[in-house]
Amino acid sequence: PVVLDETVFCMSGYRGSALLALPLSARGDITNSEVVVWSREGGTPYVPSPLLYGERLYFTQGNTGSLTCLNARTGDVVFGPVRLPGISSQYGSPVGAAGRVYVVSRDGAAVVFNHADEFEVLAMNQLDEGFDASPVPVGKQLFLRGERWLYCIEEE
């Protein structure tokens, strides 16, 4: 789950697919109640966690490279689902930094796209090994833990 102000976003892609925006103050069984801020069925991740970046909620469908971006406050679609080029299977979660979103795949593809209302790929790279772990931005560096190696990509 991820949190924006007083709302928590819970997703599941295991044995069904659901996304619920719930108030942190909710108590007890709130199933199908007016307490639920908004909800959505279908297209949620299985392994990767969602990315909450500002007021945008990014997530993939299952473990695939099909990405959706929602307005976290309203649940309205900003864009998607769109296909992330080169991403066929992923376990790592999308991460955001410096106005960009980074996604890596199990077969070594790395996609960078803009954090904006329109989907625009800024870069796509193919590395020599796959990634199950999520990228980690630290300052001007991006760490990628591959099957065998730890990579550090740094802005000059």
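The structure this text deals with has already been given above.
No experiment lies behind these values; they were computed from the predicted model shown. (Residues numbered from 1 in each chain as written. Predicted model: local features only at pLDDT ≥ 70, side-chain atom pairs only at ≥ 80, totals over all residues. Heavy atoms only, no water.)

### Examining the pairing of strand β12 (residues 121-126)
Okay, step 1: Here strand β11 (residues 109-114) runs beside β12; their pairing, made up of five bridges, is antiparallel. Residue pairing across strands places Val111 opposite Met124, the latter belonging to β12.
Okay, step 2: Between β11 and β12, which follow one another and run antiparallel, lie six residues. (Pairing = 2+ DSSP bridges. Helix = DSSP H or I, 4+ residues; strand = E, 2+ residues; numbered from the N terminus.)

### With respect to the sheet that holds strand β6 (residues 56-60)
Okay, step 1: Read from one edge to the other, the open sheet built from four strands follows the order β5-β6-β7-β8, with strand pairing classed as antiparallel. Looking along the sheet, the strands with just one partner apiece sit at the ends: β5 (51-53) and β8 (77-83). Strand-to-strand twist of the sheet, defined as the mean angle between neighbouring strand axes without regard to direction, takes the value 15°. (Axes fitted to C-alpha atoms, helices over the stretch in contact; angles between N-to-C directions.)

### Let's talk about the environment of Phe9
Okay, step 1: Mapped onto the elements, Phe9 comes out in strand β2 (residues 7-12).
Okay, step 2: Along the chain, Phe9 and Leu22 lie 13 residues apart, while their C-alpha atoms are 6.4 Å from each other.
Okay, step 3: Not counting the four nearest positions on each side in its chain, Phe9 is found in contact with Pro1, Val2, Leu4, Leu19, Leu20, Ala21, Trp38, Leu57 and Ala72. (Contact = heavy atoms within 4.5 Å.)

### Comments concerning the packing of aromatic side chains
Okay, step 1: On inspection of all chains with the given rule, the structure shows seven aromatic pairs.
Okay, step 2: Seen in terms of ring centroids, Phe9 and Trp38 are 5.9 Å apart; in terms of plane orientation they differ by 45°. Their pairing is tilted. Of this pair, Phe9 sits in strand β2 while Trp38 sits in strand β4 (residues 38-41), and the two are 29 residues apart along the sequence. There is no split in this pair, since Phe9 and Trp38 are both buried.
Okay, step 3: A network of ring pairs unites the aromatic residues Tyr58, Phe79, Phe113 and Phe119 as a single cluster. (Phe/Tyr/Trp six-rings, centres within 6.5 Å; stacked < 30°, edge-to-face > 60°. Buried < 20%, exposed > 50% of the residue type's maximum accessible area, 1.4 Å probe, protein only.)

### Quick word on the nonpolar core
One recurring pattern in soluble globular proteins is that nonpolar side chains are buried together.
Okay, step 1: Ranked by internal contacts, the top residues of the largest apolar core, which has 13 residues, are Tyr58, Leu84, Val101 and Phe113.
Okay, step 2: Elements represented by at least two residues in this core include exactly β5, β7 (66-71), β10 (100-104) and β11.
Okay, step 3: Apart from residues no more than four positions distant in its own chain, Leu84 is found in contact with Thr60, Gly65, Leu67, Val103, Val111, Phe113 and Phe119.
Okay, step 4: In this structure, Val2, Leu19, Phe59 and Leu70 belong to the second largest nonpolar core, which totals eleven residues. (Core = buried A, V, L, I, M, F, W, Y, C linked by side-chain atoms within 4.5 Å.)

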